[in-house]
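So you can see what is in the structure, the chains are spelled out below.
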Amino acid sequence: MLYQHIFGAGGSYPNDGFFYVGVTTRSWQKRWSEHKRAIGAGSHLLFHKKYREEMEKGRLTYVNHKVMAITDDIEKLYATEEFLVEGHWEDKRRLNMIPGGKSGLRYLRENGLLQKSVVPMPDERDRIISIWLNEHPRKGLPAPWVAEKWRDNDWAIAQICDREGRLSVEQVRAIRQLAEKYSVEEIFARIGAKNVAQVVRVLEGKTYSRVE
């Protein structure tokens, strides 16, 4: 299961608060109860620290939970998690501390947090990071490589577009050009988008904003 926990106050409800994206082999309710216990126990994970801070300052008025995908294909879940975390890496609301999916596992191995021969379950990644933070309270986590790469617009566009079910750079540009003359339904039919909503999101600037 790919899930998202979102929390905040006031006008950010329900989707624009601080958020954490994760993958679990169990229910999101089980994972949330574990996160809640870790928050109360003083966990140093960014997600848990921010939740405590907002709660202590009286700025926490809602918690929203999203189930974004359910499948027995862990590869698809990891790929989607990786895409979502990378796509929001510069977003100050993002509370994931490392890259998502297999990039996150690679990060853990390359920085000595995980042995190369070990393949952890999705839920174990937080525990691995927590142990590291407890053992290195001043050092913190090594800087994730993705932050620097995501500033490279060509690399970012490749990550955004070069995935199954995503629009190509040419399709995104065509949508914007065709919008001057055609309805979203006609554009959908002309460029071979997955659905009309995909076209609408491009025109509203909600997706593919880095494609010029």
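What you see is a predicted model, and the numbers here were worked out from it, not measured in a lab.

Conventions used here
- Residues numbered from 1 in each chain as written.
- Predicted model: local features only at pLDDT ≥ 70, side-chain atom pairs only at ≥ 80, totals over all residues.
- Heavy atoms only, no water.
- Helix = DSSP H or I, 4+ residues; strand = E, 2+ residues; numbered from the N terminus.
- Buried < 20%, exposed > 50% of the residue type's maximum accessible area, 1.4 Å probe, protein only.
- Contact = heavy atoms within 4.5 Å.
- Areas by Shrake-Rupley, 256 points an atom, 1.4 Å probe, with all protein chains shown as cover.
- Lys, Arg positive; Asp, Glu negative; His and termini not counted.
- Charge placed at Lys NZ, Arg CZ, Asp CG, Glu CD.
- 1 Å grid on protein atoms, 1.4 Å probe; cavity = no way out; pocket = protein on both sides within 12 Å on 5 of 7 lines; lining within 4 Å.
- Points joined across faces, edges and corners; volume = space filled by probe spheres on them.
- Nonpolar A, V, L, I, M, F, W, Y, C, P; charged D, E, K, R; others polar.
- Salt bridge = Lys/Arg side-chain N within 4 Å of Asp/Glu carboxyl O.
- Polar contact = N/O pair within 3.5 Å; in protein donor to acceptor, adjacent residues only side chain to side chain.
- Axes fitted to C-alpha atoms, helices over the stretch in contact; angles between N-to-C directions.
- Parallel < 35°, antiparallel > 145°, perpendicular 65-115°, else oblique.
- Phe/Tyr/Trp six-rings, centres within 6.5 Å; stacked < 30°, edge-to-face > 60°.
- Lys NZ or Arg CZ within 6 Å of the ring centre and 35° of its normal.

Student: Explanation requested: the overall build of the protein chain in the structure shown.
Tutor: Along the protein chain, the regular secondary structure elements total ten helices and three strands. Helices and strands in the protein chain line up, N terminus first, as β-β-α-α-β-α-α-α-α-α-α-α-α. Its C-alpha atoms give the protein chain principal-axis dimensions of roughly 60 × 45 × 35 Å. Residues counted as buried form 42% of the 212 residues belonging to the protein chain. Counting only contacts in the protein chain whose residues sit at least 6 apart along the sequence, the fraction spanning at least 24 positions is 60%. Accessible area of the protein chain: about 11900 Å², with a carbon and sulfur share of 50%. Considering the protein chain, the positive charge centre built from 35 side chains and the negative charge centre built from 29 side chains are found 5 Å apart.

Student: So what exactly am I meant to see when it comes to empty space enclosed by the protein here?
Tutor: If a probe the size of a water molecule is rolled over the atoms, the empty space left behind becomes visible. One pass over the full model with this rule turns up one cavity of 30 Å³ or more. If you add up the space inside the largest cavity, you get close to 190 Å³. Along the walls of the largest cavity sit 21 residues, with Tyr20, Asn96, Arg125, Asp126 and Ile129 positioned nearest its centre. Secondary structure elements with two or more residues in the lining of the largest cavity: β2 (18-23), α3 (74-87) and α5 (124-135). For the lining of the largest cavity, the element with the highest residue contribution is β2, accounting for four residues. Its residues placed into classes, the lining of the largest cavity shows 13 nonpolar, three polar and five charged.

Student: Would you mind going over the side chain of Arg52 with me for this structure?
Tutor: Position of Arg52 relative to the elements: it lies in helix α2 (residues 46-56). With no salt bridge to any partner, buried Arg52 finds its closest opposite charge in Glu56, at an N-O distance of 5.0 Å.

Student: Is there a simple way to think about the environment of Thr61 in this case?
Tutor: Mapped onto the elements of the fold, Thr61 is located in the loop between α2 and β3 (62-69). A residue is classified by how much of its surface remains accessible, and Thr61, at 57% relative accessible area, is exposed. For Thr61 and Phe188, which are 127 residues apart along the polypeptide, the C-alpha to C-alpha distance reads 39 Å. Residues in contact with Thr61, not counting those within four places in the same chain, are Gly8, Ala9 and Gly10. Separated by 3.2 Å, the side chain of Thr61 and the backbone nitrogen of Gly10 make a polar contact.

Student: Is there a simple way to think about the packing of helix α8 (residues 169-178) against helix α10 (residues 196-203) in this case?
Tutor: To describe two helices that pack against each other, one gives the angle between their axes and the distance between the axes. Look at α8 against α10: their axes get within 10 Å of each other, and the N-to-C directions meet at 75°. Relative to α10, α8 is oriented roughly perpendicular. Listed contacts from α10 to Val172, Ile175 and Arg176 of α8 are Val199, Val202 and Leu203. For the contact of α8 with α10, the class distribution of residues is five nonpolar, no polar and one charged.

Student: Before we go on, may I ask you to explain the packing of aromatic side chains in this structure?
Tutor: In this description, an aromatic ring pair is defined by two values, namely the gap between the centres and the angle between the planes. Within this structure, the stated rule accounts for eight aromatic pairs. For the pair Tyr13 and Tyr62, a centre-to-centre distance of 5.0 Å together with 85° between the ring planes defines the contact as edge-to-face. One end of the pair, Tyr13, is in the loop between β1 (2-8) and β2; the other, Tyr62, is in strand β3, with 49 residues separating them in the sequence. Tyr13 sits in the exposed class, given a relative accessible area of 53%. One aromatic cluster is present, built from ring pairs that chain together Tyr3, Phe7, Phe18, Tyr20, Trp32, Phe47 and Tyr51. Positioned above the aromatic ring of Trp89, the side-chain terminus of Arg94 is 3.9 Å from the ring centre. In this arrangement the basic side chain of Arg190 is found over the ring face of Tyr182, its NZ or CZ atom lying 4.0 Å from the centre.

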